[in-house]
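Listed below, chain by chain, are the residues.
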Amino acid sequence: MSRFLRTSRILVWFFLVGLSLAIMMASSFYLYLRPGLPPVDQLLDIQLQTPLRVYSADHRLIAEFGEKRRAPVTIEQIPTIQLHAFLAAEDARFYEHIGVDFKGLLRAAIELVTTGSIQSGGSTITMQVAKNYFLSRDRTFIRKFNEILLALQIERELEKNQIFELYLNKIYLGNRAYGIESAARVYYDKSVSELSLAQMAMLATLPKAPSAYNPLANPERALIRRNWVLGRMQELGHITEDAYRLARAAPITASYYGPSTEVDADYVAEMARSEMVNRFGDATYTDGYKVMLTVDSESQQAATDALRKGLEEYDRRHGFRGPAGHIDEDILAGGDLGQALSRYPRVESLYPAVVTGVSATQATLFSPQLSDVVMPFETMTWARLYINENRMGPEPTQPADVLGRGDVVYVKPQAPAIEIAAPEPESPQPEFSDAGGEPAERKLTTGPTIVALAQIPEIQGALISLEAKTGAIQALSGGYSFGQTKYNRATQARRQPGSTFKPFLYLAALENGMTPATLFNDAPIVFDDLDLETTWRPQNSSGQFYGPTRLREALYRSRNLVSIRLLQDLGINTTINYLEQLRIPTSGMQKDLSLALGSGNLAPMDVARGFAVIANGGYDVEPYLIQEIRDDQDRVIYQAPRVVLCDENCEGLTTESTEEKGDEPEIRIEPRLAEERAVYIMHSMLRDVVRRGTGQRARALGREDIGGKTGTTNEQKDTWFAGFNHEVATTVWVGFDQPEPLGRSEYGATAALPVWLDYMKVALEGQPPAFMPQPNGIVSIRIDPETGERARPSQDDAIFELFREEEAPEPLSGSESSGEDNGGYDDLQRELF
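The following refers to the structure shown. (Residues numbered from 1 in each chain as written. Predicted model: local features only at pLDDT ≥ 70, side-chain atom pairs only at ≥ 80, totals over all residues. Heavy atoms only, no water.)

### Concerning empty space enclosed by the protein
Over the atoms a probe the size of a water molecule is rolled, and this reveals where empty space is left.
(1) Moving on: Across all of its chains, the model carries two cavities of 30 Å³ or more by this definition.
(2) Moving on: Together, Asp-264, Ala-265, Asp-266, Tyr-267, Gln-300, Thr-304, Arg-308, Leu-476, Ser-477, Gly-479, Tyr-480 and Phe-482 line the second largest cavity.
(3) Moving on: Elements with a minimum of two residues in the lining of the second largest cavity: helix H12 (266-280), helix H13 (297-317) and strand S15 (473-477).
(4) Moving on: With three residues, the top contributor of residues to the lining of the second largest cavity is H13. (1 Å grid on protein atoms, 1.4 Å probe; cavity = no way out; pocket = protein on both sides within 12 Å on 5 of 7 lines; lining within 4 Å. Points joined across faces, edges and corners; volume = space filled by probe spheres on them. Helix = DSSP H or I, 4+ residues; strand = E, 2+ residues; numbered from the N terminus.)

And the structure:
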C-alpha cells in the first residue's frame, strides 16, 4: 500500500512539474509574443480590399477593376440558414467556445486517426479571422501560437456576430471571390439572400479548400463535400429530413459569372480607371471606390452599337477578304475542333466557326459557343472578293463561291436559338423553409442557330458626344473593340480633320469683318513650292469650278478653293491666333494655305470640343468624364465642378464663388471665346450644311435645329462628321489606324455621317428642339444671291441673309431702289428683320 502511495505521489509530482513547465512555457511564449500582437480594435478599422466600380450617370454598372471581387454585407443581410451552413462546415460550437475549441481540436484529431482526413477542421472561425486579417500563411508553431493568442484576445473584445461578419466578408471562396456575397454573385449570379439551400451548402464547402472543393473545377469532390455539409446541418438540427433529402438530390448549378456589367463601354471605363489611378494610385483597385460618370447608359450603348454597325457596313461595302484560317480535313474528320478554333478569339458579337459542309442553299458550321450553326446563302451575297479599296470580284451565285469545307470564318447570329421549355413539374416544389431544395434544372431544346457571314473590320473609328454647355461626356467609343485593341482613337489618334476644320476658319472670318454674303472666286489656283520643287493645284471634290461664291454657299457646299482664298485673305497668322483663342491645339497645324483644307492634325476629342464651343454659343468648355467619386462608406469625396458660362468679369465671379460656395460643389468658370453674334450666324450657316449641303443625310432626324459639317481628306484617308444643336455636340471619325485610302466612293457623308445619325436618333429621342437664342445686333436683310449686295425691292430671286448690324450691306440709292412698283414702305419693311 505504501508502495502504491509512493508511486502515486511520484506521478502526481511529475504531473504537477509538467503542468508547471507547460504553464511557464506558455507564459513565456505569451510574454514574448504579446508585444508584437496587433490591437484587436484594428479589425473594426480595416478596409477590406474591394474593387473599383464604375457606373453610368443613371447608375448602371460599366466596369469593375481589382484583383479581388468583394461586396461586403452585414450579418443581418445574410439568411440564417446560410449562417448555419457555415457553422456546420467550419465551427459548430462557435457561439459556445472562447475562441479556441478544445473539443473541436480533439474531434479533428480523432477524424485524422480514424479516416485519414479532417472533415470538420480544427481551427475555429475566430482563429481564421485572426489568421486572415493579421497573420501570414506560414505553417510554423510560432504562427499557430500567435493565432491562438489573437483568437482569445478577439473573443474578449468583440461580440460573436462581429467576428462572424468579419469572417464572412474576408474569407476566400475561389475564382477571385472574397466574401460570401461576392461568391454568390460569381457562382450563381444572385445575391446571397436569393440562394437555395443546396447552393448555400455549396458555398459553405469552399473555405476549407477553394480549389479542391470548387464546383467548377472539381464538381464531383464539391458534391461530396456539399452533401457532407447538408448532413451536418441535419445532424445539428438546422434543417429537416425532407429539406436534407431534397437538397442532397439537387444537381450542381454553379457556373462562372464575371462582373455583370450593364453597359458596353470599355473605352470609357479605361479612361475612368486611368484617371482614378492618377488620383489614388494602387489604392484605386482595393479601397472600394465607386465612380459615377457623366455618360448616360442608353446613349453610351447607342454610341457603341452605332460605331460598330458603321464600321461593319463599310467593311461589307468593300468585299470579303477571305477566310480567317483553315482547318485540315483530318482534324475535321475526328479531331478536337474546339481546340483547333481556340486560336481564333471571339470579337464582340462575332464568333469564330469552321465550315463543316456546303450545299446549294446554305453552309453548316461548328462553333464552340454556338450550337447547330446554319448560314443561309442570302447572308453571303455581299461577299464579293475584295481586290482593293475600289475593286471587288463578281457577286457570288452559290455558297461554294464564298466558302469551302474547313474554312474558318467569323459569323454573326441573326436571331437567338429557338428555346423549347420542358413542361413544368406536375406538383410544385416545396417551400424553402420546409424542403430547402432548388427547382430541378429545366432542360431546353435548342433549334439551329442562324448566322450571317461576317469578318472583323480592319477599318476603325471614334465617336464623342459632349454636353455642349458643360463639356460632360455623354457617350464615347474609341474603336470597334477594346478587347481587340486598347488604343483609344477618340483621345489618342491625331488625324487630319479635312473640311470639318472649315467652320473654325469661317468663324474667324466672321469675327474679322466678313459676312456670309462675302464673295470669293471659286476658280483654279496654282501654288509653286520652291522648297519642294512641286506645284500644288488644289481642287474641289467634284473637280469643277463655280465662279464667284458667297461664303455661306461655299461652306455648305464645302468649296475648297474658296476656303483657300479666304485663308489667304484673312492671313495664316490671324487664323492661327484665332484658333489659339478658341483653345484648339495648333502645334500640329500646317503654317501654309493647306491649313484651309484641314491639313493639321487633331484628335477627334479636339474636334468635338471645338464644335461644342460653337454649339454652346461661343463659350470655353473642358470635356470631363467623372461626375462623382464615393468611398467604401458611400461618402462623396469628389464632385465635378458646376460649370458657369461667363461673358465678362469672370475673375471676379471666380473669387465671389470661392468665398460663398460652402458645401456646394466648386464651380468652373468658362469664359466667352467667340463673339456671340458671329457664332449665331455660324449656327445658321452650318444648319444649311444639313438642309442643302453635304450633310443632307442628317435630315433623316426630322429636326430643324441640327447643324454640322462633313470632312474628307486627300485620297479619302479620313472621313468625319461633326453635328450639333444648342445642347449636344457629337463628332465621328472613320479611317484606318495607319492612314490608307478608304475608297473613291467614301466621304464623310457616306462613312461617318451614318454612324452619327444612328447615335443621334437615340441621343435626341424625345428632346425638344434646341436653337441658340438670337442675340441683339443681328439683322436679316434681303440680298442679291449673285452679288451679296442688298437686293432691289422688286427682285424675285432675292434671299434673306444674316448680318451683324454694323456689317449690313449699304442701303440702295434712290435710283437703284426705284422700279415699276416704285419700291415703297412695304418693301423697305421686308428688307430689315
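### Some details on the pairing of S15
(1) Moving on: Burial analysis of S15 places five of its five residues in the buried class, which makes it a mostly covered element.
(2) Moving on: Relative to S15, strand S14 (residues 460-467) runs antiparallel, the two being bridged by four bridges. Considered in S15, the bridge of Leu-466 is made with Ile-473. (Buried < 20%, exposed > 50% of the residue type's maximum accessible area, 1.4 Å probe, protein only. Pairing = 2+ DSSP bridges.)

### Topic: the sheet that holds strand S21 (residues 636-639)
(1) Moving on: An order of S2-S1-S3-S20-S21 is seen for the five strands of this open sheet, with the pairing classed as mixed. With partners counted over all chains shown, the strands left at the sheet margins are strand S2 (61-65) and S21, one partner each. Taking the axes of each pair of neighbouring strands and ignoring which way they run, one obtains an average angle of 15° across the sheet.
(2) Moving on: In the sheet, strand S3 (residues 290-293) pairs with strand S20 (residues 626-630) via four bridges, with the strands oriented antiparallel. Each bridged residue has a counterpart across the sheet, and for Leu-293 the counterpart in S20 is Ile-626.
(3) Moving on: The sheet contacts of H12 involve strand S1 (52-55), S2, S3, S20 and S21, and relative to S20 the element is tilted by about 55°. (Axes fitted to C-alpha atoms, helices over the stretch in contact; angles between N-to-C directions. Contact = heavy atoms within 4.5 Å.)

### Some details on the packing of aromatic side chains
(1) Moving on: With the rule as written, the count across this model stands at 13 aromatic pairs.
(2) Moving on: Between Phe-94 and Tyr-95, the ring centres sit 4.9 Å apart and the planes meet at 80°, which makes this aromatic pair edge-to-face.
(3) Moving on: Here Phe-280 and Tyr-289 contribute two aromatic rings whose centre-to-centre distance is 4.4 Å and whose plane-to-plane angle is 20°, an arrangement assigned as stacked.
(4) Moving on: Arg-279 extends its terminal NZ or CZ atom over the ring of Tyr-638, reaching a point 4.2 Å from the ring centre.
(5) Moving on: For Arg-672, the ring lying beneath its charged end belongs to Tyr-619, and the centroid distance is 4.2 Å. (Phe/Tyr/Trp six-rings, centres within 6.5 Å; stacked < 30°, edge-to-face > 60°. Lys NZ or Arg CZ within 6 Å of the ring centre and 35° of its normal.)

### A short note on unusual backbone geometry
Peptide bonds are mostly trans, and most non-glycine residues show a negative phi.
(1) Moving on: Phi is positive for Glu-348, which is not a glycine, with a value near 55°.
(2) Moving on: One can find Glu-348 in the loop between helix H15 (337-340) and strand S5 (351-358).
(3) Moving on: For Glu-348, a relative accessible area of 19% corresponds to the buried category.
(4) Moving on: For Ser-558, which is not glycine, the phi torsion reads 55° and is therefore positive.
(5) Moving on: Mapped onto the elements, Ser-558 comes out in the loop between helix H18 (551-556) and helix H19 (560-570).

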